[in-house]
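Geometric and topological summary
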Amino acid sequence: MQAQTEQTEFGYNSKIEGDVVLTTVDAALAWFRKNSVWPMPMGLACCAIELMAAGASRYDISRFGSEVMRFSPRQSDCMIVAGTVTYKMAGSLKRIWDQMPEPKWCIAMGACASTGGMYRSYAVLQGVDNIVPVDVYISGCPPRPEAVLDALMRIQAKIGTQPILQDTVIARALNLQGTSNK
Amino acid sequence: MATVQDIEIGDSAARSAQAAAELQDMQGEKMVLNMGPSHPATHGVLRIVLELDGEVVTKADPDVGYLHRGDEKIAENMTYTQFIPYTDRLDYLAPLANNVAYALAVEKLLGVQDKLPLRCQYIRVMCCELARISAHLLGLGAFAMDTGAVTVFLLTFTEREKIYNLAEAASGARLTTSYTRIGGLMRDIPPTWCAQVQQFCDEFEVSLAESETLLTRNRIWVDRLRDLAVVSKEMAINYGLSGPNLRGSGVDWDLRKNQPYLCYADLEFDVALGSVGDCYDRYLVRMEEMRQSVRILRQCLQKIPGGWANEAHEPVSIPDGKITLPPKQKVLSSMEELIHQFMLVTEGVNCPPGEIYFGHENPKGELGFYIHSRGGGVPYRLKIRAPSFINLSILGELMPGCMISDVPVILGSLDFVMGESDR
Amino acid sequence: MTSLEAAKTIKAKFGELISEPVEFRREISLKIADPQRIAEVSSLDNYGDDPRWTVVYHLRAIVNGIEIRLKTDVNEEKSELPSVIGVWRTANWHEREIYDMMGIRFSGHPDLRRILMWEGYPYHPLRKDFPLAGKPTDLPGVAFTRVTPMAGGPFVTVAGGNDSIAREPRVRIPEEDEVELNARVEARGDNKAMRGQAVGPGPIKKQ
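Residues numbered from 1 in each chain as written. Chains lettered and ligands numbered in written order. Predicted model: local features only at pLDDT ≥ 70, side-chain atom pairs only at ≥ 80, totals over all residues.

1. Digging into the overall build of chain C
Operational definition: Secondary structure is summarised from DSSP: a helix means a run of H or I of at least four residues, a strand means a run of E of at least two, and numbering begins at the N terminus for each. Each residue is classed by its C-beta neighbour count within 10 Å, where at least 20 other C-beta atoms makes it buried, 12 or fewer makes it exposed, and intermediate counts make it partly exposed; the C-beta atoms are placed from backbone geometry. By the convention adopted here, residues are in contact when the distance between their C-beta atoms, placed from the backbone, does not exceed 7 Å.
A count of helices and strands for chain C gives 4 helices and 9 strands. Counted from the first residue to the last, chain C has its helices and strands arranged as α-β-β-β-β-β-β-α-β-β-β-α-α. Burial statistics for chain C: of 207 residues in total, 21% are counted as buried. Within chain C, contacts between residues at least 6 apart in sequence are counted, and of these 31% link residues at least 24 apart.

Right under this line is the structure:
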């Protein structure tokens, strides 16, 4: 039995549909998920200050549902690595990433997190993608808060088209096959 | 077949005696708690290994180095100008101040500190004071947020956005400005900048008063900060504290007054001093320093040579082709300027062999650069005296005896930045 | 020169900044008049010279702002210096950092361990013979390091250095220059791969 492979975004127009919404479960669940991405701010260096500015009043990340900056990995969805990752810090960072429950995403914010930035030295990990799988890279040193919001919107677009039901236990129990687009 | 079991329950006195005996075994056991590198209240990547006896901290061992990026080694491979962006990232709350400190240090090595044009000095002072306000605002906001007063964080960040606008107008970047160059500035300030600074000063005083009504006489705030982590004068001097931490303990030492540089000698301002040396004093010193910075800014706006729009085209860099880049029109038409441009860009400013130490009054304390040069455009050794590194060393002495909920308060009152501490 | 003579010389030189030498149990004490504090301690690697290390202490008096720089040389075999933590508590972390970065030990230090790099890191990074790109290490579960790709950088021309000859175009004679010759051959090869024909300046024919 083949489940549908084409994923659509959650679309709803109240004038046409009225008060009753018909959509796929996947699209609805994805809509819930993407509008409440709770970031785990791995604020390490200067990019953390711009991340805080993105959370402050002018750029207001809470418009996107991400106001809850949970420092507990167990309660967060998206880890934003903001700042230089040193070799000393790498072990802790990987451990925190492992503690985050699925589904989880990672944003590498800034040049240092993406590739090591301008710190080509003995102590700096040249890019956090050496230890965690990164979904979105933001360039900039530091990137403006608008760039952080843009990255968040890209993550939201990625989450919005993610097939969810196929990965759940029920789906596996019912032997539903389908492409998993992680 | 159901089994029947007899259970004996003594009277309440016997039970409580038994419980007390069990508790006796547990008392005296200390717990080691790791306040890890990723923590909301550690202001960056600081790890503290706390030993707790119940709620009371008995031992605190700070573990730094999680942001050690090798700045000093990198400096041995860069020309003096190439290192300026790295100074932005030291105390990333006040990058303009770090830029000025580093430029002044290299200018001291060159021996041209007194040749700086006066307009350049006034602009640098204004940048330093704006950076001071910016750093204290964030320190205050994060400090208040850690103790629970979240509104202050949003208020201070709104004001910091205005400072970011000013920094962006002057240098092109909000946070990592790299505004100064050896011998001057990257470029002159735009003509509308001073008017924006004046507007900022007016609005900031109102906002600061608002934050003050929220905190300074707030019962909860005072109770949490008063008489906590008292640092005596002798202890402050012995541990090498500097900046508001030193002045909060009552030591009258401000590099702007005691060893004046730039045009601070011509400006009138007061130095805030604490009396007790507790967290509340350090908080009050920072609030007062912000007000004094506004006072300095207003004086600079009045006195800046060339006026706000610089119609007279006062220079902002030393007009010496061996130190600062010559104007581009001359570079493309004249041989001497072409050679100067080439040498400065490829080999860097040719500094004489020798060594200097220059300390600058940064918002966090005394940011010092010890430069040991053996000639040429690349330093042989550049040591950064980071105030946050020194300020953190007192933690092992301050924390034992306080409760665990006092730990974020102490950390916030010391106001350190890990980028500077670990370099 | 005995200790007392040395002390008297110092006193003669510095006048009222230094107190009269006091002898007690065959030790001489000199007191500096104003309360000095350490502004900072740093270390220098005189690579190639002997003694290899120089440790520099910057002292400053709070009262009147007098600054003194004290330097002392340490040779590589010994690599050890007595700690000044008994005089200034702030030297604690300064000395730990010098031990971490340069490898100079401080005797009498209560807790000499690494402060910026992690425990167990085998090298002392600020030494001149340690490369900026780092050396690979492996402490499984704790930390690891890899050699950083420098991509030819850092791009600084040091006068008289090995790379300045390669960088300065005036010094290069195209006919004899290996880099130039190879670059031309490679350019032709790239063009052939991209466009199908080997266009571009070919290898310089020697006359």
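2. Structural notes on the overall build of chain A
When you go through chain A residue by residue, the secondary structure sums to 7 helices and 4 strands. Beginning at the N terminus, the succession of helices and strands in chain A can be written as α-α-β-α-β-α-β-α-β-α-α. Going through the 182 residues of chain A one by one, you find that 43% of them count as buried. Expressed as a percentage of contacts within chain A between residues at least 6 apart in sequence, the contacts between residues at least 24 apart total 75%.

3. Digging into the environment of Ile318 of chain B
Structurally, Ile318 of chain B can be placed in the loop between helix H12 (279-303) and helix H13 (328-331). Filtering out sequence-adjacent residues up to four positions away, Ile318 of chain B remains in contact with Val112, Lys115, Leu116, Pro117, Gly183, Gly184, Ile323 and Thr324 of chain B.

4. Thoughts on the packing of H12 of chain B against helix H17 (residues 407-414) of chain B
All names here are of chain B. Selection rule: Every angle, taken between N-to-C directions, lies between 0 and 180 degrees, and every axis is a line fitted to C-alpha atoms, over only the stretch in contact when it is a helix. Here a crossing is called left-handed whenever its near helix is offset anticlockwise from the far helix by less than a right angle, and right-handed whenever the offset is clockwise.
Their axes nearest at 9 Å, the elements H12 and H17 cross at an angle of 35°. Crossing geometry of H12 relative to H17 is assigned as left-handed. Residues Cys279, Arg282 and Tyr283 of H12 lie in contact with H17, whose contacting residues are Val409, Ile410 and Ser413.

5. Here we look at the sheet that holds strand E7 (residues 365-373) of chain B
Backbone-to-backbone hydrogen bonds join strands into a sheet, with any given pair of strands oriented parallel or antiparallel. Residues and elements named next belong to chain B. Note the cut-off: Strands were regarded as paired on the criterion that DSSP finds at least two bridges between them.
Spatially, the 3 strands line up as an open sheet ordered E6-E7-E8, and their pairing is antiparallel. Edge strands, defined here as strands with exactly one partner in the open sheet, are strand E6 (354-362) and strand E8 (381-385). Averaged over all pairs of adjacent strands, the angle between their axes in this sheet comes to 10°, without regard to strand direction. Sheet strands in contact with helix H4 (residues 95-110) are E6 and E7, and its direction is about 150° off that of E6.

6. A closer look at the sheet that holds strand E1 (residues 39-43) of chain A
All names here are of chain A. The strand order across the open sheet formed by 4 strands is E1-E2-E3-E4, and the pairing between neighbours is parallel. Each edge of the open sheet carries a strand with a single partner, namely E1 and strand E4 (136-138). In this sheet, adjacent strand axes meet at a mean angle of 15° when their direction is disregarded. Of the pairings in the sheet, the one linking strand E2 (residues 78-82) to strand E3 (residues 105-109) comprises 5 bridges and is parallel in character. Looking at E3, one finds that Val81 is bridged to Ala108.

7. A word on the interface of chain B and chain C
Here is the rule we go by: Charged residues are taken to be Asp, Glu, Lys and Arg, nonpolar residues to be Ala, Val, Leu, Ile, Met, Phe, Trp, Tyr, Cys and Pro, and polar residues to be all remaining types, Gly included.
With 35 residues of chain B at the contact, the number on the chain C side is 28 residues. At the level of elements, helix H2 (71-75), helix H9 (233-238), E6, E7, E8 and helix H15 (387-392) of chain B are the ones that each hand at least two residues to the side of chain B that touches chain C. Partitioning the side of chain B that touches chain C into residue classes produces 12 nonpolar, 16 polar and 7 charged.

8. Brief notes about the nonpolar core
What counts is decided by this rule: For our purposes the nonpolar core covers buried Ala, Val, Leu, Ile, Met, Phe, Trp, Tyr and Cys residues that link as a set through C-beta atoms within 7 Å.
Residues Val81, Ala82, Ile107 and Met109 of chain A together with Leu96 of chain B are the most contacted members of the largest nonpolar core, which totals 201 residues. For Ala82 of chain A, the residues in contact, after removing those within four places along its chain, are Pro41, Met42, Gly43, Leu44, Cys47, Ala48, Leu51, Met109, Gly110 and Ala113 of chain A.

9. Here we look at the interface of chain C and chain A
Frequently, the measure chosen for interface size is the accessible area removed from exposure when the parts meet. Every contact between the two is made by 14 residues of chain C and, on the other side, 7 residues of chain A. Classifying every residue of the side of chain C that touches chain A gives 10 nonpolar, 4 polar and no charged.

10. Describing the pairing of strand E2 (residues 47-53) of chain B
All names here are of chain B. Across 5 bridges, the pairing between strand E1 (residues 31-35) and E2 is antiparallel. The residue of E2 that forms the bridge with Met31 is Leu52. Bridge analysis of E2 against strand E3 (residues 56-63) gives 7 bridges, and the strand direction is antiparallel. Paired with Glu51 across the bridge in E3 is Lys59. The loop that links E2 with its antiparallel partner E3 comprises 2 residues; one of these, Gly54, has a positive phi angle of about 75°.

11. Considerations on helix H3 (residues 46-55) of chain A
For H3 of chain A, the buried fraction is high: 10 of the 10 residues fall into the buried class. Within the span of H3 of chain A, buried status applies to Cys46, Cys47, Ala48, Ile49, Glu50, Leu51, Met52, Ala53, Ala54 and Gly55 of chain A.

12. Digging into unusual backbone geometry
Glu102 of chain A connects to Pro103 of chain A through a cis peptide bond whose omega is -10°. Here Pro103 of chain A lies in the loop between helix H4 (87-99) and E3. A positive phi angle, near 50°, is found at Ser79 of chain C, a position not held by glycine. Assignment of secondary structure puts Ser79 of chain C in the loop between strand E5 (67-74) and strand E6 (80-82). With 16 C-beta atoms packed within 10 Å, Ser79 of chain C lands in the partly exposed category.

13. Quick word on the confidence of the model for chain A
All names here are of chain A. Selection rule: The pLDDT value expresses, per residue, how confident the predictor is, ranging between 0 and 100.
Model confidence for chain A is summarised by a mean pLDDT of 83, while 79% of its residues fall at 70 or above. Of all helices and strands in chain A, the one with the weakest mean pLDDT is helix H7 (residues 169-173) (64), whereas E4 scores best (95). When the criterion is pLDDT under 50, residues 1-5 qualifies, and its contacts beyond four places in sequence or with other chains add up to 8 contacts.

14. What about the confidence of the model for chain C?
Residues and elements named next belong to chain C. Chain-level statistics for chain C give a pLDDT mean of 74 and a share of 64% at 70 or above. Within chain C, the element-level pLDDT minimum falls on helix H3 (residues 162-167), averaging 56, and the maximum on helix H2 (residues 91-101), averaging 90. Both confidence scores are given for the complex: pTM 0.84, ipTM 0.85.

15. Quick look at the environment of Ile163 of chain B
Residue and element names in this part refer to chain B. Relative to the assigned elements, Ile163 resides in helix H6 (residues 150-171). Along the primary structure Ile163 and Arg69 are separated by 94 residues, whereas in three dimensions their C-alpha atoms are 27 Å apart. In this structure, Ile163 is in contact with Leu130, Ile133 and Ser134, ignoring residues within four places of it in sequence.

16. Observations concerning H6 of chain B
Put simply, the test is: Under the convention used throughout, the expected extent of a helix is 1.5 Å for every residue step, that is, one less than its residue count.
Under the 1.5 Å per step criterion, the end-to-end length of H6 of chain B is 31 Å for 22 residues, consistent within 8% with the ideal 32 Å. Gly172 of chain B lies just past H6 of chain B and shows a positive phi near 105°.

17. Description of the pairing of E6 of chain B
All names here are of chain B. With 7 of its 9 residues buried, E6 lies for the most part within the structure. Pairing analysis gives 9 bridges linking E6 to E7, with the strands arranged antiparallel. The partner of Phe358 across the bridge, within E7, is Phe369. With antiparallel pairing between neighbouring strands as the criterion, E6 and E7 make up a hairpin whose turn holds 2 residues.

18. Quick notes on the packing of H3 of chain A against helix H6 (residues 145-160) of chain A
Residue and element names in this part refer to chain A. Where we set the bar: Every angle not falling under 35 degrees, over 145, or within 65 to 115 is termed oblique; those three ranges are roughly parallel, roughly antiparallel and roughly perpendicular.
At a minimum axis distance of 8 Å, the contact between H3 and H6 shows a crossing angle of 75°. The pairing of H3 with H6 is recorded here as roughly perpendicular in orientation. Across from Glu50, Leu51, Ala53 and Ala54 in H3, the residues of H6 making contact are Pro145, Val148 and Leu149. Of the residues contributing to the contact of H3 with H6, the split by class is 6 nonpolar, no polar and 1 charged.

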